[in-house]
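# Coordinate analysis (summary)
Given next are the chains, with one letter for each unit.
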Protein chains: 2
Amino acid sequence: MASGHTVRESPVVVQPGELSLDAPLPLRRIRHDVDAILNEFLDTQAAKASDSCLPPLVEIIRDFLTGGKRLRPLFCVCGWVAAGGDSDASEVLKVGAALELFHSFALIHDDLMDASDSRRGQPTVHRVLAARADKPGEPAAAEHFGASAAILLGDICMVWSDELLNASGVEPQLLHTARPLIDAMRTEVMAGQYLDVEHADDATSDALERAWRVIRHKTAAYTVIRPIQIGAALTGADETLLQSCVAYGQPIGEAFQLRDDLLGVFGHPSVTGKPALDDLRAGKRTVLMALTWQRASPAQRATIGRLHGNATLDDDGAEQLRDVIRETGADCTVEDMIAARLNKALAALREAPMSVQARRGLAELAETATQRRY
Amino acid sequence: MASGHTVRESPVVVQPGELSLDAPLPLRRIRHDVDAILNEFLDTQAAKASDSCLPPLVEIIRDFLTGGKRLRPLFCVCGWVAAGGDSDASEVLKVGAALELFHSFALIHDDLMDASDSRRGQPTVHRVLAARADKPGEPAAAEHFGASAAILLGDICMVWSDELLNASGVEPQLLHTARPLIDAMRTEVMAGQYLDVEHADDATSDALERAWRVIRHKTAAYTVIRPIQIGAALTGADETLLQSCVAYGQPIGEAFQLRDDLLGVFGHPSVTGKPALDDLRAGKRTVLMALTWQRASPAQRATIGRLHGNATLDDDGAEQLRDVIRETGADCTVEDMIAARLNKALAALREAPMSVQARRGLAELAETATQRRY
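What follows is about the relation of the copies chain A and chain B. Mapping chain A onto chain B leaves a residual RMSD of 0.0 Å; the transformation is a rotation of 180° accompanied by 0.0 Å of translation along its axis. What we have between these two chains is a two-fold relation. Within chain A, the C-alpha atom positioned nearest to the axis of rotation is that of A:Pro172, 3.3 Å from it. When the interface residues of chain A are mapped onto chain B, 100% of them are again interface residues, pointing to one common binding face.

Here we take up the side chain of A:Ser161. All names here are of chain A. Here Ser161 lies in helix α7 (residues 139-166). Under the relative-accessibility criterion, Ser161 is labelled buried at 4%. A distance of 3.2 Å separates the side chain of Ser161 from the backbone oxygen of Ala98, its partner in a polar contact. If we skip the residues at most four places from it in the chain, Ser161 touches Ala98, Leu101 and Phe102.

Right, let's get into the nonpolar core. One finds A:Trp160, A:Tyr248, B:Trp160 and B:Tyr248 to be the most contacted residues of the largest nonpolar core, which totals 193 residues. Other than its neighbours up to four places away in sequence, B:Tyr248 contacts B:Phe75, B:Val224, B:Ile228, B:Ala345, B:Ala348, B:Leu349, B:Leu362, B:Leu365 and B:Ala366.

Attention now goes to the packing of helix α4 (residues 71-82) of chain B against helix α17 (residues 356-371) of chain B. Packed helix pairs are characterised by how far apart their axes lie and by the angle those axes make with each other. All names here are of chain B. Two elements in contact, α4 and α17, have axes separated by 8 Å at closest approach and are oriented at 160°. As the angle between them shows, α4 and α17 are arranged roughly antiparallel. Helix-helix and strand crossings are classified by hand; for α4 and α17 the assignment is left-handed. Each of Leu71, Leu74, Phe75, Cys78, Val81 and Ala82 in α4 lies in contact with α17, whose residues at this interface are Gln357, Ala358, Gly361, Leu362, Leu365 and Ala369.

What follows covers the interface of chain A and chain B. On the chain B side, the residues contacting the 41 residues of chain A number 41 residues. Per-residue buried area on chain A facing chain B is highest for A:Met113, A:Leu152 and A:Tyr194; these three make up 17% of the total on that side. On the surface where chain A and chain B come into contact, there are 2 salt bridges. Put simply, chain A and chain B have 8 residue pairs in polar contact (both at pLDDT 80 or more) between them. For the side of chain A that touches chain B, the element with the highest residue contribution is α7(A), accounting for 14 residues. Residue composition of the side of chain A that touches chain B, by class: 21 nonpolar, 9 polar and 11 charged.

Another point: the confidence of the model for chain A. If pLDDT is low for a region, its predicted coordinates should not be looked at in detail. Residues and elements named next belong to chain A. Looking at chain A as a whole, the pLDDT averages 88, with 92% of positions reaching at least 70. Mean pLDDT across the elements of chain A bottoms out in helix α1 (residues 2-12) (36) and peaks in helix α4 (residues 71-82) (97). Scored below 50 in pLDDT, residues 1-21 shows 9 contacts in the model against residues more than four places distant or in partner chains. ipTM for the predicted complex: 0.88, alongside a pTM of 0.89.

With that out of the way, let us pick up the pattern of salt bridges. Residue and element names in this part refer to chain B. The full count for this structure, using the stated rule, is 42 salt bridges over all chains. Between Arg62 and Asp43 there is a salt bridge, with the nearest N and O atoms lying 2.7 Å from each other. Highlighted residues: Arg62 in helix α3 (residues 54-65) and Asp43 in helix α2 (residues 27-48), separated in sequence by 19 residues. Take Arg62: its relative accessible area is 18%, and that puts it in the buried class. Asp43 sits in the partly exposed class, given a relative accessible area of 42%. The residue Lys218 makes a salt bridge to Asp110 at a minimum N-O spacing of 3.6 Å.

Criteria and cut-off values
- For every chain, the first residue of the written sequence is number 1, and numbering continues from 1 onward in sequence order.
- A letter from A marks each chain and a number from 1 marks each ligand, given out in the order of writing.
- pLDDT decides what is reported in this predicted model: residues at 70 or higher carry local features, side-chain atom pairs at 80 or more are listed and counted, and totals for whole chains, interfaces and linings draw on all residues regardless.
- In computing side-chain properties, one takes all heavy atoms of the structure into account and sets aside hydrogens as well as water.
- When the copies are overlaid, the least-squares fit takes in C-alpha atoms only where the residue has pLDDT of at least 70 in both copies.
- Contact between two residues is taken to exist if any of their heavy atoms lie within 4.5 Å; hydrogens are not considered.
- Numbered from the N terminus, helices here are DSSP runs of H or I no shorter than four residues, and strands are runs of E no shorter than two.
- Three exposure classes are used, based on accessible area relative to the maximum for each residue type with a 1.4 Å probe and protein chains only: buried under 20%, partly exposed in between, and exposed over 50%.
- Whenever two N or O atoms come within 3.5 Å, that pair is a polar contact, provided that in protein one can donate a hydrogen and the other can accept it, and provided that, for residues adjacent in sequence, both atoms are side-chain atoms.
- The nonpolar core is taken to be a set of buried Ala, Val, Leu, Ile, Met, Phe, Trp, Tyr and Cys residues, with the residues joined through side-chain atoms within 4.5 Å.
- Axis definition: a line fitted to C-alpha atoms, over the contacting stretch in the case of helices. Angles run 0 to 180 degrees between N-to-C directions.
- When an angle is under 35 degrees it counts as roughly parallel; over 145 it counts as roughly antiparallel; between 65 and 115 it counts as roughly perpendicular; any other value is oblique.
- By definition, turning the near helix anticlockwise from the far helix through less than a right angle yields a left-handed crossing, and turning it clockwise yields a right-handed one.
- The term buried area denotes the loss of accessible surface (1.4 Å probe radius) that occurs when two parts are joined, taken as the sum for both partners.
- Definition used for salt bridges: Asp or Glu carboxyl oxygen within 4 Å of a side-chain nitrogen of Lys or Arg.
- Amino acid classes used here: Ala, Val, Leu, Ile, Met, Phe, Trp, Tyr, Cys and Pro are nonpolar; Asp, Glu, Lys and Arg are charged; the rest, including Gly, are polar.
- As a per-residue measure, pLDDT tells how confident the predictor is, with possible values from 0 to 100.

The structure is reproduced here in structure tokens:
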């Protein structure tokens, strides 16, 4: 009887829309819809405040948003679909757009803290604003204006992210249910960034453990687990489904950051949109560098000590650092870590209580997040 | 019949609680309750994240919150009472506490942008954090850490303010109704601050108009009108009541800022908690200074040009600037402006469709906000 039941249900009795459960998730269309929502929202904000200083700032936010990977909105929609929602529901697309705006806030402030000059192939927001300051011959004043205005622009992105979230049209009770996940995501990313800032130039023995802590707070939860869980919770996911988001999201989040660290050192600036020296000059405390240091000889450690985190590092020095990393084999170890995590996530996905469509979407995003070149 | 009706209802037939409508609003008790909620909320946040870097940061936020005037929570409770709510309802007290946390976020970021060294008699947050940086002999690195960590601490206050607001227990539909007011408040204060940052050192002819714009955005709406309106909307106020908040709040908000500007120049640091030279060194673009400049002779303008906004200003220089202000009579004009606005607000209050208790509370706060010495 059980077997007869299975045969009768699939694929003979087709309910309206049921076929689409096996169709691939239209990630490109979702990305496009999220962009359209962001643009429309920014138009509205500019129009509401047309008599204030905001319209030109809105255009800076719009430029900054161009070219993002939209990973968080995509993960959020996957979570929503995994819990039974439709991938073209305007509520979840708006929530995804709100997550992207929140991410802009985080990036604008991070770039300022890291003193980064460019992102996504464009100057960072504090540099754009400093260049617009009307202070000829006063570079310190222009830089201070750029920093102050970037703090405010980030703040505006956060506040507007919240406005977009609350106006998403998600049923208030479901939004209320998802609040603890949203609150946790916001606090986690800031705690992670604080850890990052606190020990920015520490390259000693417990650096590896700290690098993993930063990854877990700042990336794994923030970039992958929470967005999926939020999407799922907003359409009424149960605890089992929320836990399966962790089994997939934890390894993918970690692998995403490990890839980011490799690209920060070995990526091509024309593809990554970031200068090849930024991470090395900033002395970014990554798993890659912590592993390298652990395995390095005294002479190699001296090279790291002299060059990593050296603000005047040039191309030759960067190549010396890359040589040390390669010589220790840390880059290959990190590649292996990424592959292991990708496999672990895909295995978790096969067990996850989700529709085929959600699983296919998450599998595709797993590849995008970990095998990317930018 | 109408007159008989009136006589029978008041004061002969007393409903339970009715007498309290004429009692003064217990502002001190409200302030105390808001403080207790803030402390309890911070305890919870520290406990939730006991294994992270957050607990020490929570203590910095707690120290920073000590000594605030709690004007925004008090205005918010007044609005709630004006629309028929009870002053001891935990929902509105939590919303008030959320407004105070939001204010901490705004102040922490503002102090960084203004490069202020102290507030409320204590070092500002970026100074506290810079002093904690473990960078002996590297003042620039310590300062960069202080700035980065202060950006993050402000961000955390904003995010937690939102968490407290959403968990206030206000009925979701009423919270939804009040959202546009909350959104407007947040955007307005940032647009005002941006205007302030954009033209920080401009002391020329249209400075007076710009100073008024900043006051209207950054103070009048943010400090007075919006908190009252939010409190009122959260208990179902109608449009007439919301408009009467403007008739009272606009002049009080303006007078509050004018008083702030006078205290920034003439206040005693032991009372204001702020150094007497900060505003003058920063070249703060106030109505007071714009008026002074308008009325100043060429020689006096030269003095202003040389000393106002001069980061190395000393006590002698400050006294010269104060002399110029007094000689032009700008200080007396600003005192007159404050008095006129206080009268206007109190007159509006007499016409406002509110309970006697709300009116008495707002009248007391009007005095506190405009006649204060700190």
